[in-house]
Amino acid sequence: NGTGMLYATPFGKLNMDKNNDIGPSRTLTKIKKEKKLKCGVVVPDDFEGNLSESDKLVGMSIDYCHALAAAIFIGDFKKVDFFKFSGSDDSFLDALANESIDVLVGGRINRK
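Predicted model, so just to flag it, every value in this text is computed and none were measured.

Enquirer: Is there a simple way to think about the nonpolar core in this case?
Expert: One broad rule of soluble globular proteins: the nonpolar side chains tend to lie buried together. Counting residues in each nonpolar core, the largest one holds 14 residues, and the members touching the most others are Leu37, Cys39, Val41, Cys65, Val80 and Phe82. Leaving out residues up to four positions away in the same chain, Cys65 has contacts with Leu37, Cys39, Val80, Phe82 and Val105. In terms of nonpolar packing, the next biggest core, distinct from the first, is built from five residues, Phe85, Phe92, Ala95 and Ile101 among them.

Take a look at the structure:
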């Protein structure tokens, strides 16, 4: 007897007092300053396409990056650069850690 509705699960402390206000995100500030969202995309190992031709890319991961860019840059969904990562390794973790990408879509950690 599902309702067909999606429910968001809240994270963090929702009842913050006014004196404990959170400032702007360092990552969001950096993205706005650079005027582009750097989006890492995990693709299958046999992918032979070119991520710089983002108009030819399709899928939820690409749509997510475009939607995020539109939210950050007030409707401009084209302000995103895509970076390809292999699905067979965890190199995207280094890219996130050294901030060469701002966000990652489609990734999962390979446990060996």
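Once the structure has been displayed, the description carries forward.
Enquirer: Looking at this model, I keep getting lost on the sheet that holds strand β2 (residues 80-86). Mind explaining?
Expert: Strand pairing in a sheet is mediated by backbone hydrogen bonds. Such pairs are either parallel or antiparallel. The strand order across the open sheet built from three strands is β2-β1-β3, with neighbouring strands paired in parallel fashion. The open sheet is flanked by β2 and β3 (103-105), the only strands paired with a single partner. With direction set aside, neighbouring strand axes in the sheet form an average angle of 30 degrees. Bridge count for strand β1 (residues 37-43) against β2 is seven bridges, and the pairing is parallel. For Cys39, the partnering residue across the bridge sits in β2 and is Phe82.

Enquirer: Looking at this structure, I do not really get unusual backbone geometry. What am I missing?
Expert: Most peptide bonds take the trans form, and the phi angle of most residues other than glycine is negative. The residue Lys35 is not glycine, and still its phi comes out positive at about 60 degrees. The backbone phi angle of Ile74 is positive, close to 45 degrees, even though this residue is not glycine. Positionally, Ile74 belongs in the loop between α2 (60-72) and β2. According to the relative accessible area criterion, Ile74 is exposed, its value standing at 79%.

Enquirer: What's the story with the side chain of Lys38 in this structure? I'm lost.
Expert: Within the secondary structure, Lys38 is located in strand β1. The buried category is assigned to Lys38, whose relative accessible area is 16%. A polar contact is formed between the side chain of Lys38 and the backbone oxygen of Glu99, at a distance of 3.4 Å. The residues touching Lys38, leaving out its near neighbours within four places in the chain, are Lys30, Asp81, Phe83, Glu99, Ser100, Ile101, Asp102 and Val103.

About the cut-offs
Residues numbered from 1 in each chain as written. Predicted model: local features only at pLDDT ≥ 70, side-chain atom pairs only at ≥ 80, totals over all residues. Heavy atoms only, no water. Core = buried A, V, L, I, M, F, W, Y, C linked by side-chain atoms within 4.5 Å. Buried < 20%, exposed > 50% of the residue type's maximum accessible area, 1.4 Å probe, protein only. Contact = heavy atoms within 4.5 Å. Pairing = 2+ DSSP bridges. Helix = DSSP H or I, 4+ residues; strand = E, 2+ residues; numbered from the N terminus. Axes fitted to C-alpha atoms, helices over the stretch in contact; angles between N-to-C directions. Polar contact = N/O pair within 3.5 Å; in protein donor to acceptor, adjacent residues only side chain to side chain.

Function cannot be read off these values alone, since they describe shape.
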